[in-house]
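Take a look at the letters that make up each chain.
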Amino acid sequence: MSADIDWIALSVFVFFFALVTVMGFFAARWKAGPVNDHLDEWGLGGRQFGTWITWFLVGGDFYTAYTVIAVPALVYAVGAFGFFALPYTIIVYPFVFAVMPLLWKVAHAKGHVTAADVVQDTYNSRGLELAVAVTGMVATMPYIALQLIGMGVVIKAIGLTGELPIIAAFVILALYTYSSGLRAPALIAFVKDIMIYIVVLVAVVIVPHRLGGYGAIFVAANDAFAVKGGATGLILKPSQMLPYATLALGSALAAFMYPHTLTGIFASKSADTIRKNAILLPAYTLLLGLIALLGYMAYAAHIHVSSPNDVVPTLFKVLFPSWFAGFAFSAIAIGALVPAAVMSIGAANLFTRNVWKSYVNPNISHAGEASVAKISSLVVKVGALAFTIFLPTQYALDLQLLGGLWILQTFPALVFGLFTRWFRAEGLLLGWAAGIVWGTWTAWSNGLKPLATLDLGGASYVFYVGLGALILNTVVAVVGTVAAGLISPRRATA
């Protein structure tokens, strides 16, 4: 324990943490169903979530604690380029509106729980199913670790030190997720999102008032970037426009390939629920834009931090009374619990349906699936916790970068099959492998940075590695499908 503990902030933090803990255990009885008897009940909440529950749930696991920490941190570090998250979340919702209702209809009609279930049903390929499942599980692990890192930042800001507070928080999370399944984060998401909205709306009114208005904030940020130099500033430089656009587009296409976002889709009660959410969810984009401005406000507040991740907690500690800082910190910490729970459930569903059932026990009962998933979710959380405690933070950041690249390579296998059956499993599997290998090698060669440079005709083009890997993936899938068709033509079907 530190001697600098802010006891008022800690008391508020503990109160709200205790509140959501009680809600987490109560959730097993909310919208009651046989949670222990069927994976649909434990892992998808009975597929009964309506528009508002889905809105809070998807928003809760898409806009995470690390989003609140990392987006202002990136804006603080580099300026305008950090706002790429805004167009990315604008692009993603038309995609959700057009594609996800089709995916829901397929999953609902066939009882699919995961993306890999859909792929297996579409292409009848165990290899492609396993590729999608393993990619989803591996990409999710560092994402959960980042939620722990976000929680750790605010716990440190309160004055608590050591790993025990994070361990205690995740033990509680593990227990109520084990007990209640997806219902727990769905119920807690109501509290989390309302708290985050209150924190951000208060901040964007009070902070500018105390710092001399938005004009003074932008002047202070501009002066700081002018001193810093390099690829920073309030406006994108011409050389940044292509990487900015490709990073936004690639991130948008990857966003709803993750197991946790797809879990929210599969748990919806109708295709119309998903369409309504695609219309309503951009409200979170407005919130995200306001959150990003906190990075500029830190300059006007003359905040200097050793790590950009400390910007938001420090801003609240400096400019607000302890009770409101505690409220903000608890909102961010709860913002880690909701996505971490959904992520662990999504990964557990993949392991249960596409590894355990496919390769270990094909005749497993529905209750057996629920049991395996519950245990798997615990293992996933323990793995993420160990990752956070025993490995440097940079490892989680690097693997999260690679995770986004990897999960994007499942896009052709999952999405193309919703619109055409022309592609063959052999081609899609080759495309997936090509995208994974080339993308990983390129990112690794560039020091695990998300951008790569392509020299053509004496000109250099900087682009997002993940999107480049997806283009290669698609080209190889087309060529592989043509080649497989020539070698082994499809049999005519009635």
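Bear in mind that the values here come from a model prediction, so they are computed numbers and not experimental data. (Residues numbered from 1 in each chain as written. Predicted model: local features only at pLDDT ≥ 70, side-chain atom pairs only at ≥ 80, totals over all residues. Heavy atoms only, no water.)

**Considerations on the side chain of Thr67**
Next up, step 1: Assignment of secondary structure puts Thr67 in helix α4 (residues 65-78).
Next up, step 2: The exposure class of Thr67 is buried, given its relative accessible area of 15%. (Helix = DSSP H or I, 4+ residues; strand = E, 2+ residues; numbered from the N terminus. Buried < 20%, exposed > 50% of the residue type's maximum accessible area, 1.4 Å probe, protein only.)

**Here we look at the nonpolar core**
Next up, step 1: Met100, Phe256, Met297, Phe316 and Phe411 are the most contacted members of the largest nonpolar core, which has 167 residues in total.
Next up, step 2: Dropping the residues within four chain positions of it, Phe411 is found in contact with Phe95, Leu253, Met257, Phe416 and Leu470.
Next up, step 3: Judged by nonpolar contacts, the second largest core, of 10 residues, contains Leu401, Leu402, Ala443 and Phe463. (Core = buried A, V, L, I, M, F, W, Y, C linked by side-chain atoms within 4.5 Å. Contact = heavy atoms within 4.5 Å.)

**Points about unusual backbone geometry**
Leaving glycine aside, a negative phi is the common case for residues, and trans is the common case for peptide bonds.
Next up, step 1: One non-glycine residue, Asn124, adopts positive backbone phi at about 50°.
Next up, step 2: By the secondary structure assignment, Asn124 is in the loop between α6 (115-123) and α7 (126-158).
Next up, step 3: For Leu448, which is not glycine, the phi torsion reads 55° and is therefore positive.

**What to know about helix α13 (residues 271-280)**
Next up, step 1: Ala271, Thr273, Ile274, Asn277 and Ala278 are the residues of α13 that are buried. Buried residues of α13, viewed axially, fall in a sector of 155°; they line one side.
Next up, step 2: For α13, the elements touching its buried residues are α3 (51-62), α5 (85-110), α12 (259-266) and α14 (282-300). (Arc of directions from axis to C-beta.)

**Considerations on the pattern of salt bridges**
Next up, step 1: Tallied over the full model, the rule gives 11 salt bridges.
Next up, step 2: Across the salt bridge formed by Arg353 and Asp117, the nearest N and O atoms sit 3.6 Å from each other. Highlighted residues: Arg353 in helix α16 (residues 322-360) and Asp117 in helix α6, separated in sequence by 236 residues.
Next up, step 3: In this structure Arg353 comes out as buried when scored by relative accessible area, which is 14%.
Next up, step 4: With relative accessibility at 7%, the residue Asp117 sits in the buried group.
Next up, step 5: Each of Asp117, Arg353, Lys357 and Glu369 takes part in one network of salt bridges that share partners. (Salt bridge = Lys/Arg side-chain N within 4 Å of Asp/Glu carboxyl O.)

**Regarding the pairing of strand β2 (residues 459-464)**
A regular strand places its side chains so that they alternate between the two faces of the sheet.
Next up, step 1: Of the strand pairs in this sheet, strand β1 (residues 451-456) and β2 are connected by six bridges, and their pairing is antiparallel. If you follow Thr453 over to β2, its bridge partner there is Val462. (Pairing = 2+ DSSP bridges.)

**Section: the environment of Ile303**
Next up, step 1: Assignment of secondary structure puts Ile303 in the loop between α14 and α15 (311-319).
Next up, step 2: Between the C-alpha atom of Ile303 and that of Thr314, which follows or precedes it by 11 residues, the distance is 7.5 Å.
Next up, step 3: In this structure Ile303 touches Tyr76, Ala298, Thr314 and Leu315, once residues within four positions along its chain are discounted.

**Topic: helix α21 (residues 465-487)**
Next up, step 1: The end-to-end C-alpha separation of α21 is 32 Å, in line with the 33 Å expected for 23 residues at 1.5 Å each.
Next up, step 2: All of the buried residues in α21 are Val465, Gly466, Leu467, Gly468, Ala469, Leu470, Asn473, Ala477, Gly480, Thr481 and Ala484. (Expected span 1.5 Å × (residues − 1).)

**Description of a nonpolar patch on the surface**
Next up, step 1: A contiguous nonpolar surface patch, about 400 Å² in accessible area, is contributed by Leu130, Val134, Val138, Tyr359 and Val360.
Next up, step 2: Secondary-structure elements contributing two or more residues to the nonpolar patch are α7 and α16.
Next up, step 3: Per-element tally for the nonpolar patch: the top contributor is α7, with three residues.
Next up, step 4: Of note, Val134 is situated in helix α7.
Next up, step 5: Assessed through its relative accessible area of 37%, Val134 is described here as partly exposed. (Patch = residues over 30% accessible without salt bridge, like charges linked within 9 Å, V, L, I, M, F, W, Y side chains within 5 Å. Areas by Shrake-Rupley, 256 points an atom, 1.4 Å probe, with all protein chains shown as cover.)

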